[in-house]
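# Structural characterization, general
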Protein chains: 2
Amino acid sequence: MTYCLGILVNDGLLLAADSRTNAGVDYISAYQKLFDFSVPGERVIVLCTSGSLSTSQAVIHRLERDINADNKQNLHSLPTLYDVAEYVGQVLREVQERDRPWLEKDGIDFQSNFIIGGQIAGEPMGLYLIYGQGNFIHSTPETPYIQIGETKYGKPILDRTLSEKSSLDDIAKSALLSMDSTMRSNISVGPPINLVLYESNALEIHKRVQLLRNDPYLRELRLHWEQALRAAAQSMPDIEWNKISVSKEPDFELDA
Amino acid sequence: MTYCLGILVNDGLLLAADSRTNAGVDYISAYQKLFDFSVPGERVIVLCTSGSLSTSQAVIHRLERDINADNKQNLHSLPTLYDVAEYVGQVLREVQERDRPWLEKDGIDFQSNFIIGGQIAGEPMGLYLIYGQGNFIHSTPETPYIQIGETKYGKPILDRTLSEKSSLDDIAKSALLSMDSTMRSNISVGPPINLVLYESNALEIHKRVQLLRNDPYLRELRLHWEQALRAAAQSMPDIEWNKISVSKEPDFELDA
């Protein structure tokens, strides 16, 4: 499994990915899932990927090949992030066309998803989710984040803390807490964690970090968080018991 | 979907369930998923159920029928909670035997899961999970809770706040926060929420509550929680950026 996360707010954007890959619990290894294709001063393009490793590696390989061969369409030539999303979706479809029949025959999952975040000079920032089928969506002010992989454990913290007005410092902390919640509950999501933080219009990434399993910051974060959560839960208002009793034949009100 | 939760700590136990049932997003209704079979002063037995509504209703019907017919095995006659878990699993298997071939033919899910919590006079408290196949497990001091249905969104808060030493007040708050996190992320989990809290050796449930959607307590809880989470996230230690840079060829350490 994998957990990757992109957050786009007014001040900038963040991408984060774990590094654990597994083919069953008895074959766990670490692979990079966050790829930086930026050209400092001209464009910032960062990709994260989840799903079939052979599919996503093939896609990344073709993206690099197109840059190196200076092909007409490549990550360094396309004029907008929308074009980039469309192009990555197209490359993903080509890889699937080659491999899908062979994997499908043996019931092996061939799907890969991608998050693309960045900014091209003269354009606004963008954050896209490329689905396994090659179609795509972008984040919106109402839901300023995009997740792929094991998304559920880390979603509540994002829903409670993020808005388009969040500061870059705050989204970085929320992202790490979301990542840590996921690692705590799903053993197949794990370090190193790669995180990049981009400030709007900088056209260059100045803040990156890679956190290994025994990183003291991760330990400190987890400890602080557990204490804060426990204190917060305990400080909730007391429940007024027996206000409406629960009988075998309750008085139901459908207020969906 | 459904979310049910049982928590067993030294001081007592809690069971909680939402009430939303759906056959697709265009047919949502409210059904009771928490059933109290207690005999005050002699035994406390509470069941929660998730999964196929027709299967779980059939099981509950048979449990009631066996009590009313004073059958040899029933929820009011069995001497231990282990026997109760075995019996409910057996009833579940009988219902499946009747319905499974017909539902399976049309690809309809027939599985139901149950949580059973309670205490019988002279016995310790117990909390059991009955799987769709009729086999079962019980909670342990290391993991003092059991979830069924949509379990992922509400798990992190439990992992961070619960231990076997938690007070009854604290587990009730944690349970509601876990329930609220799930409702926030999954529209098919919804109110009314039924909650019962049982104090060890009381052999009678004194604390019950049913929270409707517009319950002021639920609103207050959510508001408090969002504020506390945001404050807690913001108060996390600052990230030391650029400690290990993320390059295209990172220095990977597999520290799984």
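I will try to describe carefully the structure that is included in this document. Since the model is a prediction, treat every value here as computed from it, not as a measurement.

### Some thoughts on the side chain of Asn186(B)
Residues and elements named next belong to chain B. Examined against the element boundaries, Asn186 turns out to sit in the loop between helix H4 (168–185) and strand E11 (193–199). Given the relative accessible area of 13%, Asn186 is considered buried. There is a polar contact of 2.7 Å between the side chain of Asn186 and the side chain of Glu150. Look past the residues within four positions of Asn186 in its chain and what remains in contact with it is Met1, Glu150 and Tyr153.

### So, the interface of chain A and chain B
With 77 residues of chain A in contact, the opposing surface of chain B contributes 77 residues. Buried area between chain A and chain B, summed over both chains or domains, comes out near 7500 Å², and the portion from carbon and sulfur atoms is 59%. Run the count over chain A and chain B and you get eight salt bridges. Of the charged contacts, one joins Lys152(A) and Glu150(B) as a salt bridge, the two residues approaching to 2.9 Å between their closest N and O atoms. The interface formed by chain A and chain B holds 26 residue pairs in polar contact (both at pLDDT 80 or more) in total. Of all the secondary structure elements, the ones that give two or more residues to the side of chain A that touches chain B are strand E4 (28–30), strand E5 (34–36), helix H3 (155–161), helix H4 (168–185), strand E11 (193–199), strand E12 (207–211) and helix H5 (216–234) of chain A. For the side of chain A that touches chain B, the element with the highest residue contribution is H5(A), accounting for 13 residues. A breakdown of the residues in the side of chain A that touches chain B according to their chemical character gives 34 nonpolar, 16 polar and 27 charged.

### Quick look at the packing of aromatic side chains
Residue and element names in this part refer to chain A. Inspection of every chain in the model, using the stated rule, returns six aromatic pairs over all chains. A ring pair is formed by Tyr128 and Phe136, whose centres lie 5.9 Å apart and whose planes are at 70°; its orientation type is edge-to-face. The partly exposed category is assigned to Phe136, whose relative accessible area is 21%. Pairwise contacts between aromatic rings join Tyr82, Tyr128 and Phe136 into one cluster. For Lys105, the ring lying beneath its charged end belongs to Trp102, and the centroid distance is 3.9 Å.

### Examining the relation of the copies chain A and chain B
Mapping chain A onto chain B leaves a residual RMSD of 0.0 Å; the transformation is a rotation of 180° accompanied by 0.0 Å of translation along its axis. This pairing of chains is accounted for by a two-fold axis. By C-alpha distance to the rotation axis, the residue of chain A lying nearest is Tyr153(A), at 2.5 Å.

### What about the sheet that holds strand E9 (residues 136–138) of chain A?
All names here are of chain A. Spatial ordering of the open sheet is given by E5-E6-E7-E8-E9, a layout of five strands whose pairing is antiparallel. If you trace the sheet from one side to the other, it starts and ends with E5 and E9, each paired once. Each neighbouring strand pair of the sheet contributes to a mean axis angle of 20°, computed without reference to strand direction. In terms of strand pairing, E5 meets strand E6 (residues 43–51) through three bridges, oriented antiparallel. By the bridge assignment, Asp36 is partnered in E6 with Val46. In this fold helix H1 (residues 53–68) packs onto E5, E6 and strand E7 (112–120), with an angle of close to 30° to the strand it touches most, E7. Together, E6, E7, strand E8 (126–130) and E9 form the strand contacts of helix H2 (residues 81–105), whose direction differs from that of E7 by roughly 155°.

### Examining the nonpolar core
Counting 70 residues, the largest nonpolar core has Ile7(A) and Ile7(B) as its most contacted members. Excluding residues within four positions of it along the chain, Ile7(B) makes contact with Gly12(B), Leu13(B), Leu14(B), Leu127(B), Pro144(B), Tyr145(B), Leu158(B), Leu162(B), Ile171(B) and Ala175(B).

### Details of the packing of H5(A) against helix H5 (residues 216–234) of chain B
Contact pair H5(A) / H5(B): the axes reach a minimum separation of 10 Å and the direction vectors enclose 160°. In terms of axis orientation, H5(A) runs roughly antiparallel to H5(B). The interaxial crossing formed by H5(A) with H5(B) has right-handed handedness. Seen from H5(A), the contacting residues are Trp225(A), Ala228(A), Leu229(A), Ala232(A) and Ala233(A); seen from H5(B), they are Trp225(B), Ala228(B), Leu229(B), Ala232(B) and Ala233(B). Partitioning the contact of H5(A) with H5(B) into residue classes produces 10 nonpolar, no polar and no charged.

### A closer look at the pattern of salt bridges
Under the criterion given, the structure shown has 30 salt bridges over all chains. Asp180(A) is the salt-bridge partner of Arg222(A), the closest N and O atoms lying 2.6 Å from each other. Of the two residues, Arg222(A) sits in helix H5 while Asp180(A) sits in helix H4, which places them 42 residues apart along the sequence. Owing to a relative accessible area of 1%, Asp180(A) belongs among the buried residues under this scheme. In the salt-bridge network here, residues are joined through shared partners; they are Arg160(A), Asp180(B), Arg184(B), Arg222(B), Glu226(B) and Arg230(B).

### Topic: the packing of H1(A) against H2(A)
Residue and element names in this part refer to chain A. At a minimum axis distance of 9 Å, the contact between H1 and H2 shows a crossing angle of 125°. For the element pair H1 / H2, the angle class is oblique. The interaxial crossing formed by H1 with H2 has right-handed handedness. Note on element contacts: H2 touches H1 through Tyr87, Val88, Val91, Leu92, Glu94, Val95 and Arg98, opposite Thr55, Ala58, Val59, Arg62, Leu63 and Asp66. Split into classes, the residues belonging to the contact of H1 with H2 amount to eight nonpolar, one polar and four charged.

The rules behind these values
Residues numbered from 1 in each chain as written. Chains lettered and ligands numbered in written order. Predicted model: local features only at pLDDT ≥ 70, side-chain atom pairs only at ≥ 80, totals over all residues. Heavy atoms only, no water. Helix = DSSP H or I, 4+ residues; strand = E, 2+ residues; numbered from the N terminus. Buried < 20%, exposed > 50% of the residue type's maximum accessible area, 1.4 Å probe, protein only. Polar contact = N/O pair within 3.5 Å; in protein donor to acceptor, adjacent residues only side chain to side chain. Contact = heavy atoms within 4.5 Å. Buried area = accessible area lost by both parts, 1.4 Å probe. Salt bridge = Lys/Arg side-chain N within 4 Å of Asp/Glu carboxyl O. Nonpolar A, V, L, I, M, F, W, Y, C, P; charged D, E, K, R; others polar. Phe/Tyr/Trp six-rings, centres within 6.5 Å; stacked < 30°, edge-to-face > 60°. Lys NZ or Arg CZ within 6 Å of the ring centre and 35° of its normal. Least-squares fit on C-alpha atoms with pLDDT ≥ 70 in both. Pairing = 2+ DSSP bridges. Axes fitted to C-alpha atoms, helices over the stretch in contact; angles between N-to-C directions. Core = buried A, V, L, I, M, F, W, Y, C linked by side-chain atoms within 4.5 Å. Parallel < 35°, antiparallel > 145°, perpendicular 65-115°, else oblique. Left-handed = near helix turned anticlockwise from the far one by under 90°.

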